[in-house]
Amino acid sequence: MPSANKMTTPLAVDLPVLQGRYADLDGFTVGFESYPEDVDPAPLFRGLPDDRCQCPHWGLVQSGQITFRWADHEETYGAGDAYYAGPGHLPLIASGTSLVEFSPGEDLQRTMAVIEANLATTGGAR
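This text gives an overview of the structure that appears in the document. (Residues numbered from 1 in each chain as written. Predicted model: local features only at pLDDT ≥ 70, side-chain atom pairs only at ≥ 80, totals over all residues. Heavy atoms only, no water.)

1. Overview of unusual backbone geometry
Despite not being glycine, Asp-26 shows a phi value in the positive range, around 55 degrees. One can find Asp-26 in the loop between strand S2 (18–25) and strand S3 (28–35). Overall, the relative accessible area of 68% leaves Asp-26 in the exposed class. The phi torsion at Asp-50 lies on the positive side, around 60 degrees, for a residue other than glycine. (Helix = DSSP H or I, 4+ residues; strand = E, 2+ residues; numbered from the N terminus. Buried < 20%, exposed > 50% of the residue type's maximum accessible area, 1.4 Å probe, protein only.)

Now the structure itself:
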């Protein structure tokens, strides 16, 4: 059975607003993410349908708080909460947040390609 551990998964993203470690688990990606600063990454999703993340995510908030914003509502999760964020969301993450998140690998790769292109243009998210 495939598994991943935050301590042994290599650092893949090291930005002022995000440190991320990602591992493939048989077609799903597990992400270990830490956010040392408040971040609203909405501009990074420009170019996706409705300029929103279309990748579903299942996760656990280890510390801090994350809010998912859809066109018609918001949902906020704090330390200890497990969540599902379906397609069409925008995250808003508080400083000090740490997450473990699972996403379908192909969906996440399509989303990350757009985010990486936007990062190259903007130089980062705040």
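2. Focus: the nonpolar core
Counting 14 residues, the largest nonpolar core has Tyr-35, Val-61, Ile-66, Phe-68, Tyr-77, Tyr-83 and Leu-99 as the members making the most contacts within it. For this core, the elements supplying multiple residues, two or more each, are strand S5 (65–69) and strand S7 (82–85). Excluding its chain neighbours within four sequence positions, the residues that come into contact with Val-61 are Ile-66, Tyr-77, Gly-78, Ala-79, Gly-80, Asp-81, Tyr-83, Ser-98 and Leu-99. Membership of the second largest hydrophobic core comes to nine residues, among which are Ala-42, Leu-48, Leu-90 and Ile-115. (Core = buried A, V, L, I, M, F, W, Y, C linked by side-chain atoms within 4.5 Å. Contact = heavy atoms within 4.5 Å.)

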